[in-house]
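# Report on the structure
Single-letter residue listing:
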Amino acid sequence: MTRKVLITPECLYEQPGRHVELFQGNGFEVEYPEDSTFTRGHYSLEESVRVLAPYDAVIAGSEPYAAELLDRLPNLKVIARFGVGYDPVNVPHCTKLSKAVTITPASTHEAVAELTLALIFAVAKSIIPNDISTREGAWSRVVLYPLRERVIGLVGLGRIGRSTAIRAKALGMQVIAHDQFADPTFVQEQGIEMVSLEELLKRSDYVSLHAPMLPETKHLINKQTLALMKPDSVLVNTSRGGLVCEADLLEALNSGQIRAAALDVFEQEPPSTDNPLFQLKNVIVSPHMAGLDHVSVANMAFEAAQCIVKLSQNNWPEGKVVNSELKTSWSW
């Protein structure tokens, strides 16, 4: 019997690649939602059931998988997240229903690190305002901020944090980090100083968030933690929008508590066009694009496809299944 897989991320919509070849070579029928924007999560429960019910597996974008939806998808065996975050998926309920949830940990870290530094450069070197003013005939030569010899504080030192650290050090930045589970060998080799969150916020010129979205990290950056930051510091978030209380960030930016912010992610995605942060000149934004470049997209798609194919063969993709407790009982 032919197995069916649905591919929902917009950047993969009806696109050829190694992932499609892998599926087809292993007996999978590859399909896409009729609506390429399905992954944005605006479908009702009934509509989502209609789209997803026929499939054995899905390479999933940002669409939510709540318990009430999962209960109505008896055929669905694997949700392969296109990326490293899995907060749109009710993982405990997937475990209860023996549905494996996988991620692509080996594919995005370099892309996210690159955009993190691109945002820092954009703020420090006033790229956007100088482009606009120069086109308008002004010749404003306000002195810029350096990156060399400045302190970057990384909140989270997983794959993305480590990739960012290596690149920041190459620019001559001093790297400090906060992560209770950091790899001690990497820390020692790179000469990174591990500090408390409070000390990191007090000392950093650039605070870059690379922590997962968990109940204990929700609004990690809030009125109290923002108050610890230096007045000329910059907050960068390429992780998850929920790490930052946007109302408190808005207040800190308006009051001069911090100098600027660069945000690739938001509490609500897509954000409303009347988001007050969009009115501030000391804020740079992008549409949750950090992990999406031509190389990382191809690699994520293939890694997600590998997870599905391995699981269909009852082979366990080590280190890539979120609900790893299913390993001893897993069968397709």
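Please refer to the structure higher up on the page.
The following refers to the structure shown. Treat the numbers as computed from the prediction; the structure is a model and nothing was measured.

Before going further, it helps to spend a moment on the overall build of the chain. The number of helices and strands found in the chain is 12 helices and 12 strands. Computed over C-alpha atoms, the radius of gyration of the chain comes to 21 Å, within 12% of the 20 Å expected from 2.2 N^0.38 for 332 residues, which places it in the range of a compact globule. Each principal axis of the C-alpha distribution contributes one length, and for the chain these read about 65 × 45 × 35 Å. Residues classed as buried in the chain amount to 51% of the 332 residues present.

Examined bridge by bridge, strand E6 (residues 151–155) and strand E7 (residues 174–178) share 5 bridges and lie parallel to one another. Paired with Gly 153 across the strands is Ile 176, a residue of E7. Handedness of the E6-helix H7 (residues 159–170)-E7 crossover: right-handed. As judged from the 2 bridges shared by E7 and strand E8 (residues 193–194), these two strands associate in the parallel manner. If you follow Ile 176 over to E8, its bridge partner there is Glu 193.

Once that is clear, we can look at the pattern of salt bridges. Going through the model one piece at a time under the given rule, you end up with 14 salt bridges. We note a salt bridge from Arg 40 to Glu 10, for which the minimum N-O separation is 2.8 Å. Of the two residues, Arg 40 sits in the loop between strand E2 (28–31) and helix H2 (45–52) while Glu 10 sits in the loop between strand E1 (3–7) and helix H1 (18–25), which places them 30 residues apart along the sequence. Taken together, the shared-partner salt bridges in this structure form one network comprising Glu 193, Glu 199 and Arg 203.

Before going further, it helps to examine the side chain of Asp 205. Its location among the elements puts Asp 205 in the loop between helix H9 (197–203) and strand E9 (206–209). Looking at Asp 205, its side chain comes within polar contact range of the main-chain nitrogen of Val 151, at 2.8 Å. For Asp 205, the residues in contact, after removing those within four places along its chain, are Arg 150, Val 151, Lys 230, Asp 232, Ser 233 and Val 234.

In this section: the packing of helix H5 (residues 109–124) against H7. With their axes 8 Å apart at the nearest point, H5 and H7 run at an angle of 50 degrees to one another. When the axes of H5 and H7 are compared, the pair comes out oblique. Every pair of crossing elements has a handedness; the one defined by H5 and H7 is right-handed. Across the interface between the two elements, His 109, Glu 110, Val 112, Ala 113, Glu 114, Thr 116 and Leu 117 from H5 touch Arg 159, Ile 160, Ser 163, Thr 164, Arg 167 and Ala 168 from H7. Class assignment of the residues belonging to the contact of H5 with H7 gives a composition of 5 nonpolar, 4 polar and 4 charged.

Remember that side chains alternate between the two faces of the sheet whenever the strand is regular. Along E2, the buried face is formed by Phe 28 and Val 30; none of Glu 29 and Glu 31, which line the opposite face, is buried. Between E1 and its parallel partner E2, the chain crosses via H1, and the hand of that crossover is right-handed.

This next bit is on the sheet that holds strand E3 (residues 57–60). Picture the strands of a sheet paired through backbone hydrogen bonds; they go either parallel or antiparallel. With respect to topology, 5 strands assemble into an open sheet ordered E2-E1-E3-E4-E5, the strand pairing being parallel. This sheet does not close on itself; its edge strands, each paired only once, are E2 and strand E5 (100–102). This sheet shows a mean twist of 20 degrees between the axes of neighbouring strands, independent of strand direction. Strand contacts of helix H12 (residues 294–312): E1, E2, E3, strand E4 (78–81) and E5, with the helix running at about 160 degrees to E3, the strand carrying the most contacts.

Under the definition given, this model contains 6 aromatic pairs. Ring plane angle 90 degrees and centroid distance 6.1 Å describe the contact between Phe 28 and Trp 332, whose orientation is recorded as edge-to-face. Here the residue Phe 28 occupies a position in strand E2, and Trp 332 occupies one in the segment after H12, the gap between them amounting to 304 residues. Here Arg 18 stacks its cationic end above the ring of Phe 302, 3.9 Å away from the centre of that ring. Directly above the ring of Phe 186 sits Arg 162, whose terminal nitrogen or CZ lies 6.0 Å from the centroid.

Residues Ile 127, Ile 128 and Ile 132 make up a contiguous nonpolar surface patch of about 260 Å² in total accessible area. Along the chain, the position of Ile 127 falls in helix H6 (residues 127–135). Judged by relative accessible area, which is 48%, Ile 127 ranks as partly exposed.

Each value, and the rule that gives it
Residues numbered from 1 in each chain as written. Predicted model: local features only at pLDDT ≥ 70, side-chain atom pairs only at ≥ 80, totals over all residues. Heavy atoms only, no water. Helix = DSSP H or I, 4+ residues; strand = E, 2+ residues; numbered from the N terminus. Rg over C-alpha atoms; globule rule 2.2 N^0.38 Å. Buried < 20%, exposed > 50% of the residue type's maximum accessible area, 1.4 Å probe, protein only. Pairing = 2+ DSSP bridges. Right-handed = clockwise from strand over helix to strand, strands pointing away. Salt bridge = Lys/Arg side-chain N within 4 Å of Asp/Glu carboxyl O. Polar contact = N/O pair within 3.5 Å; in protein donor to acceptor, adjacent residues only side chain to side chain. Contact = heavy atoms within 4.5 Å. Axes fitted to C-alpha atoms, helices over the stretch in contact; angles between N-to-C directions. Parallel < 35°, antiparallel > 145°, perpendicular 65-115°, else oblique. Left-handed = near helix turned anticlockwise from the far one by under 90°. Nonpolar A, V, L, I, M, F, W, Y, C, P; charged D, E, K, R; others polar. Phe/Tyr/Trp six-rings, centres within 6.5 Å; stacked < 30°, edge-to-face > 60°. Lys NZ or Arg CZ within 6 Å of the ring centre and 35° of its normal. Patch = residues over 30% accessible without salt bridge, like charges linked within 9 Å, V, L, I, M, F, W, Y side chains within 5 Å. Areas by Shrake-Rupley, 256 points an atom, 1.4 Å probe, with all protein chains shown as cover.

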